[in-house]
Amino acid sequence: MSKSRLVNMGDMLKKAQQGKYAIAHININNLEWIKGVLMAVQETNTPVILGVSEGAAKYMNGFKNVTDMVNNSLDSMNVVQPVVLHLDHGSFEGAKAALAAGFSSVMYDGSHLPFDENIKETQIIIDLAKQQNASVEAEVGTIGGEEDGKKSGGELANVEECSKISQLSITCLAAGIGNIHGIYPADWKGLNFTRLNEIQQATNNIPLVLHGGTGIPDAMVQQAIAHGVCKVNVNTECQLAFAAAIRQYIEDKKDLDTKAKGFDPRKLLKPGIEAIKNKCIEKFKVFSSIGKA
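Residues numbered from 1 in each chain as written. Predicted model: local features only at pLDDT ≥ 70, side-chain atom pairs only at ≥ 80, totals over all residues. Heavy atoms only, no water.

A. Seen up close, the packing of aromatic side chains. Overall, the coordinates contain three aromatic pairs when judged by the stated rule. Measuring from centroid to centroid gives 4.5 Å for Trp33 and Phe242, while their planes differ by 45 degrees, and the two rings are tilted. Taken together, the positions of Trp33 in helix H2 (residues 31-44) and Phe242 in helix H10 (residues 236-251) put the pair 209 residues apart, joining distant regions of the chain. In this structure, Trp33 and Phe242 share a single accessibility class: buried. An angle of 75 degrees between the planes, with centres 6.0 Å apart, marks the rings of Phe92 and Tyr108 as edge-to-face. You can see Phe92 sitting in helix H5 (residues 92-100) and its partner Tyr108 sitting in strand E4 (residues 105-108), a full 16 residues away along the chain. Like Tyr108, Phe92 is buried. Between the NZ or CZ atom of Lys292 and the centre of the ring of Tyr21, over which it lies, the distance is 4.9 Å. (Phe/Tyr/Trp six-rings, centres within 6.5 Å; stacked < 30°, edge-to-face > 60°. Helix = DSSP H or I, 4+ residues; strand = E, 2+ residues; numbered from the N terminus. Buried < 20%, exposed > 50% of the residue type's maximum accessible area, 1.4 Å probe, protein only. Lys NZ or Arg CZ within 6 Å of the ring centre and 35° of its normal.)

B. Highlighting empty space enclosed by the protein. Per the counting criterion, the structure on display carries one cavity of 30 Å³ or more. Along its surface, the largest cavity is lined by Leu173, Ala174, Ala175, Ile177, Leu196, Ile199, Leu208, Val209 and Val229. Of all elements in the fold, only strand E8 (172-175), helix H8 (193-202) and strand E9 (208-210) reach the threshold of two or more residues within the lining of the largest cavity. Per element, the largest residue contribution to the lining of the largest cavity is three residues, and it comes from E8. (1 Å grid on protein atoms, 1.4 Å probe; cavity = no way out; pocket = protein on both sides within 12 Å on 5 of 7 lines; lining within 4 Å. Points joined across faces, edges and corners; volume = space filled by probe spheres on them.)

By themselves, these observations are geometric and do not establish any function.
Take a look at the structure:
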C-alpha cells in the first residue's frame, strides 16, 4: 500500500475557524459508509473528518483494518481532498491503539473521570499523538445521550475546566452545551449559547466541537458555528438515511427480482450508499464547507 494520504485536523479546523464554517465529522460504520462519504467529498470538493467509534472499529475488525480500508479507498478513488481518520470518544487504551494503527487524529474522552485524571491522561495521549503528527480532541462536561453504551443528560461544561484543558496542546475541545447524542427528545431545551460564548472566551478561541449534530435545527447549528464551533459530528442522520433507503428498496421488492439479481448485496446496499452521500452533501451545505478543500 502507498503512503497514507490522511491528514490531521489542525490546519483544517484553523481554516474553518477563520472562514466561519465547520468541518463535518461523519461517523463511518463499514465500507459502504466510507464510499458514500468520500463520494460526497469528491462531488463537492469538501474536506471531511471520518469518525470511528471503538464499537464501529471492533465491528470492522479492528483499528488497523479501518486504517487500511480508508487508505485503500482514498487511493482507489483518487481522493485529493483533505481527509482525517479520527477516533470518536476514545478510551485511554483505545486512543493509544488507534494511534498505533495509523489514525491521523484521536479524541480522548476522559470527561467521565475526575478532572485531574482527565488532564493527566489527555496529556499522555497528546505526547503520543505528537510523535506521528496526529491531532487530539479532548472533552469536558459529558455530552448527553448515549455513545457506545455510556449514557448522560444534556449537561453544560464547567467553564474553568474548559479553560484549564485548553492550555494543553489539544487541537480542539468538545464541551457540553446542552447537546446530546442520538435523536433529540421533544422537550429538549436547545443549545445554551451563553455557555458556548463563555467557553469560547475562556479557551482563547480554541476550535470547538459540537457533538450530537443530528436533530439540532440547522439555524441553531449555524448560530453555534458563528460562535466558534468549527467541527460538527453527524452519525444518527446518516444511519437513518441508510436504513430508510434500503427499506424502500426491499419494500419495492427489488431484492426479489431474480432476473436482475436484485438480491446481490452490491445492489441491495447501493441505495444506502447514495443516501449517505446525499445526507453528507446536505450537511456540508448547512456547515458552509462545500468547496473548502
